[in-house]
Amino acid sequence: MLKIENLHAGIEGKKILKGINLEIKAGEVHVIMGPNGSGKSTLASVLAGRENYEVTEGSVEYMGKELLDMSPEDRAREGVFLAFQYPVEIPGLSTTNFMKTAVNEIRKYHGQEPLDAVAFLRMMKEKMALVNIDQSLLSRPLNEGFSGGEKKRNEIFQMAMLQPKLAIMDETDSGLDIDAIRIVSDSVNKLHNKDNAVLLVTHYQRLLDYIIPDFVHVMYNGRIVKSGPKELALELEEKGYDFIKNEIDVAEEA
Amino acid sequence: MNDVVLSNIEKTVLSDYKYGFVTNIRADEAPMGLNEDIVRFISAKKNEPQWMLEWRLKAFRQWLKMEEPVWANVKFPPINYQDIIYYSAPKQRPSLNSVDDIDPELKRTFDKLGISLDEQKRISGVAVDVVVDSVSIATTFKEQLSKLGIIFCSISEAIQKHPDLVKKYMGSVVPATDNYFAALNSAVFSDGSFCFIPKGVRSPMELSTYFRINAENTGQFERTLIVAEEGSYVSYLEGCTAPMRDENQLHAAVVELVAHEKAEIKYSTVQNWYPGDKEGKGGIYNFVTKRGICLGDHSKISWTQVETGSAITWKYPSVILKGNHSIGEFYSVAVTNNHQQADTGTKMTHIGKNTKSRIVSKGISAGVSNNSYRGLVHINKNASNSRNFSQCDSLLLGDKCGAHTFPYIEVKNNSSIVEHEATTSKIGEDQVFYCNQRGIDTETAVALIINGFAKEVMNQLPMEFAVEAQKLLAISLEGSVG
């Protein structure tokens, strides 16, 4: 589904990603962990197409196409979803309106008729139940005055609505208490199936108590320095990131 | 990167003016310039009674002694008042028996503007008075309204047929010498709408006036007067467009509203005069005096305006809250881009006890435009327990435009409460990217963001107008759930 090769990217002349290689197949859950400043969120942003990042080298093949040549909206329409670390607020625009626009824009791209109000509301009801979110939240202006937890749950609701092929979740667990983490993880597990894939970006291992990854990657200084099965996350938890840092620094000095 | 997104945002707002065509109809015009003879000429053209001419002349003599106001936050070269034609009427048969008698060329004009003058074809019940240049050319649904005792006609007709009402109310809210532009209007006003709702009657349809400046070098000086008797209700809409011309054209209107006890007047405007081109050439100078008085207890006046046009807008729809427990409201969206300048706001004067006012102003600036909110909340000594709430928000698109807020608050008693909130924000790249990431292109994203920003005001508009207004703001509501 996704094949990242030798990806280099940065912002304002500062190099952040220094040769990322990663392959994700349909049905898989991948986790990228790493200390602050290692480039995890940059990778998520570059994949989603945030324009202030500049790609200097490498390629990203997504469903047989070059992802980096596509506009951010076309990436979304092709099924790339980013659950934002800091979802933005849009005053006066309800989540419901926002989602109806998004769903119909995506349908239009695929040559489908827009959903009418009835069909759309039916879809909303179904997804609301799936991710356990309250109607009242969705009638309010998008993310305005939402608590951290409400914002993240709104992201998951949007993910349920848009049914992406590749869901990239940027630190979705940050700022959440343990109950909220459980609800969010539960929803992600429900949405995950053999035809889609999830890329989780996280700083902590605790999310992995609820979402079981197929692969864990450790990012450090703009590169994936270690990959392994889910047990790698536990090892990190136990030893901290320092052991990776030491390993790498020693290797680089050698 | 900044530039890319902003230029996309700007493109969205800078869509071209669609109403800039000129209709070739023969016009009957006054000679250029202004003096007492012109005032007499206009009055004679309209076959006015002596008292009306006297009223005009008095206003004109006062105007000569007055000076153009300079306090507004707008800049423009001096206006030569002798370079303007003060009266221009489309030539047509002298009297119209029905809408069918209208010049077909004019009818086509209104079809282009999306306004049907054909009563049978109208699905929704909106009665329209159409004013082109200096005269009213048609009023629809007149008969149906008159059965309820509602008078809805051009002001010229009202002067002829209802002189007592006109004498009693004209100038009672905006005196002929109120300000420079009101005095000018009082001297040379040529037409406008008159509307009278008798005691206890709720107007069954929206009343509406559509203004169009067509002729070259002309100014438009219309006057609207709405009187709502005890316990009556009316919702009134006003729309306006003009051709694209290189020179600036002057529009100096006066609108007066009178609400008696328990009466309610809702006045909505979608102002789309030609704003000038992208270099700031041409466009309408929109210098308008709008004021309503809540004369009786428990009366209510509500102004809603969507201001997207004009090179310069200078306009403060106000309410004098004289009756006890009366309510004044002002809801405004003002959009400026390119070289447009807007200095707009309101004045709420609390005189009666327990009076309430609410001000919601949303300014959107783009290009190199300047958008100012100017408002005065004045609470008299005797207006005990009065309340005001003001909210002034500004949204900036790009970094070359300006937003300014000038709120003035005067409270003369200590039982009243005044609240003022103000915010300034920019359409953020983050907001646009968030929408992009959900499959929404930049143009639609900007429309969603602007729409959200202006929502509180748009919600106040009657349905028919809300649609037009949303289009004007380059907002597609395709994505809304009803």
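What counts and how
Residues numbered from 1 in each chain as written. Chains lettered and ligands numbered in written order. Predicted model: local features only at pLDDT ≥ 70, side-chain atom pairs only at ≥ 80, totals over all residues. Heavy atoms only, no water. Helix = DSSP H or I, 4+ residues; strand = E, 2+ residues; numbered from the N terminus. Contact = heavy atoms within 4.5 Å. Areas by Shrake-Rupley, 256 points an atom, 1.4 Å probe, with all protein chains shown as cover. Core = buried A, V, L, I, M, F, W, Y, C linked by side-chain atoms within 4.5 Å. Buried < 20%, exposed > 50% of the residue type's maximum accessible area, 1.4 Å probe, protein only. 1 Å grid on protein atoms, 1.4 Å probe; cavity = no way out; pocket = protein on both sides within 12 Å on 5 of 7 lines; lining within 4 Å. Points joined across faces, edges and corners; volume = space filled by probe spheres on them. Nonpolar A, V, L, I, M, F, W, Y, C, P; charged D, E, K, R; others polar. Pairing = 2+ DSSP bridges. Axes fitted to C-alpha atoms, helices over the stretch in contact; angles between N-to-C directions. Parallel < 35°, antiparallel > 145°, perpendicular 65-115°, else oblique. Left-handed = near helix turned anticlockwise from the far one by under 90°.

### Some remarks on the overall build of chain B
1) Next: Within chain B one finds eleven helices and 23 strands.
2) Next: Once local pairs closer than 6 in sequence are excluded, the contacts in chain B between residues at least 24 apart make up 84%.
3) Next: Counting only carbon and sulfur atoms, one obtains 48% of the accessible surface of chain B, whose full area is about 18500 Å².

### Considering the nonpolar core
1) Next: The biggest cluster of nonpolar side chains holds 110 residues, and the ones touching the most others in it are Leu2, Ile4, Leu47, Phe98, Phe157 and Leu200 of chain A.
2) Next: Of the residues forming this core, the biggest block, nine residues, is contributed by helix H10 (residues 442–458) of chain B.
3) Next: If you look at the next biggest cluster of nonpolar residues, it comprises 34 residues, including Phe60, Ala72, Ala252 and Tyr285 of chain B.

### So, empty space enclosed by the protein
Gaps left between atoms are located by rolling a probe of water-molecule size over the structure's atoms.
All names here are of chain B.
1) Next: On inspection of all chains with the given rule, the structure shows four cavities of 30 Å³ or more.
2) Next: As for the largest cavity, its lining consists of 17 residues, and the residues nearest its centre are Ser361, Gly363, Asn371, Ser372 and Tyr373.
3) Next: The set of elements that each furnish at least two residues to the lining of the largest cavity consists of strand E17 (327–336), strand E18 (341–350), strand E19 (356–365), strand E20 (370–379), strand E21 (387–396) and strand E22 (402–411).
4) Next: Considered class by class, the residues forming the lining of the largest cavity number five nonpolar, ten polar and two charged.

### Remarks on the sheet that holds strand E1 (residues 2–11) of chain A
All names here are of chain A.
1) Next: Read from one edge of the open sheet, four strands run E2-E1-E4-E5, paired in antiparallel fashion. In the strand order of this sheet, the two ends are held by strand E2 (14–24) and strand E5 (65–66), each with one partner.
2) Next: Two elements, strand E4 (residues 54–62) and E5, share two bridges in a ladder whose sense is antiparallel. Residue pairing across strands places glutamate 61 opposite glutamate 66, the latter belonging to E5.
3) Next: Contacting E1, E2 and E4, helix H1 (residues 40–48) runs over the sheet at an angle of about 110° to E1.

### Here we look at the packing of helix H3 (residues 95–109) of chain A against helix H4 (residues 117–131) of chain A
All names here are of chain A.
1) Next: Two elements in contact, H3 and H4, have axes whose closest approach is 11 Å; the angle formed by their N-to-C orientations is 110°. Considered as vectors, H3 and H4 are oriented roughly perpendicular to each other. The way H3 lies across H4 gives a crossing that is right-handed. Contacts between H3 and H4 involve Thr96, Met99, Lys100 and Val103 on the former and, on the latter, Ala117, Phe120, Met123 and Met124.
2) Next: Residue composition of the contact of H3 with H4, by class: six nonpolar, one polar and one charged.

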